Amino acid sequence: MLSQFNRLALDSDGRYANDLELRFIEEYLQSYQMRINIYKKLQDAEQKIVQQVYNKLRAQDPSLLISKQQDMTAKWKRDTIRVLRYSAVTVLTDDTATFQERLLLWFQTIMRAFGAQRSCEMTYTVMQDVIQQHFTPEEYSYIAPVLDLNRTALGTAA
């Protein structure tokens, strides 16, 4: 949404925007209440979602969060919560471009530097399944593109 406003400001410099250029605002306003509800549900379920993802990861591969004989669980939880919170804001604002610029590109670089793509791939694949259980199909349709973006950006090897 923010990047769309920026683009609108640039594109309509010195003139009024036309109806087509303003359509994204109408669409956003129509989805606003749904986005607020999703944001609040993610906020309320955050700890439960992260714990469920962790439990499923441990069941699939108990050594996934061990790196060089060190348990990385605490770091994994902090990172996962950070990405989930940014994802919630992205759903709320409907602005994946800003999300990619402010978090994903930076975080992707870090995950690649530490060779953590496999754990990210598994984390965000499992998270998609877990979150889908907490939301209606309509609500999930708003979240799914952001979750897929997380999995693709963080879990894919360069």
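The structure reproduced in this document is the subject of the present report.

1. Some words on the packing of helix α2 (residues 19-60) against helix α6 (residues 137-155)
- Taken N-terminus to C-terminus, the directions of α2 and α6 make an angle of 85 degrees; their axes are 10 Å apart at the nearest point. What the angle tells us is that α2 and α6 run roughly perpendicular. Two secondary-structure elements touch here, α2 through Ser31, Met34, Arg35, Ile38 and Lys41 and α6 through Glu138, Glu139, Tyr142 and Ile143.
- Partitioning the contact of α2 with α6 into residue classes produces 4 nonpolar, 1 polar and 4 charged.

2. Description of the pattern of salt bridges
- A full pass over the atoms with the stated rule returns 9 salt bridges.
- Here glutamate 139 makes a salt bridge to lysine 41, at a shortest N to O gap of 2.8 Å. With glutamate 139 in helix α6 and lysine 41 in helix α2, the pair connects residues that are 98 residues apart, well separated along the chain.
- Residue class for lysine 41 comes out partly exposed when judged on its relative accessible area of 30%.
- One salt bridge connects arginine 118 with aspartate 61, and the closest N-O pair in it is separated by 2.6 Å. Taken together, the positions of arginine 118 in helix α5 (residues 117-134) and aspartate 61 in the loop between α2 and β1 (66-67) put the pair 57 residues apart, joining distant regions of the chain.
- Its relative accessible area of 13% is what places aspartate 61 among the buried residues.

Rules used in this analysis
- Residues numbered from 1 in each chain as written.
- Predicted model: local features only at pLDDT ≥ 70, side-chain atom pairs only at ≥ 80, totals over all residues.
- Heavy atoms only, no water.
- Axes fitted to C-alpha atoms, helices over the stretch in contact; angles between N-to-C directions.
- Helix = DSSP H or I, 4+ residues; strand = E, 2+ residues; numbered from the N terminus.
- Parallel < 35°, antiparallel > 145°, perpendicular 65-115°, else oblique.
- Contact = heavy atoms within 4.5 Å.
- Nonpolar A, V, L, I, M, F, W, Y, C, P; charged D, E, K, R; others polar.
- Salt bridge = Lys/Arg side-chain N within 4 Å of Asp/Glu carboxyl O.
- Buried < 20%, exposed > 50% of the residue type's maximum accessible area, 1.4 Å probe, protein only.

None of the figures reported here should be taken as evidence of function without further support.
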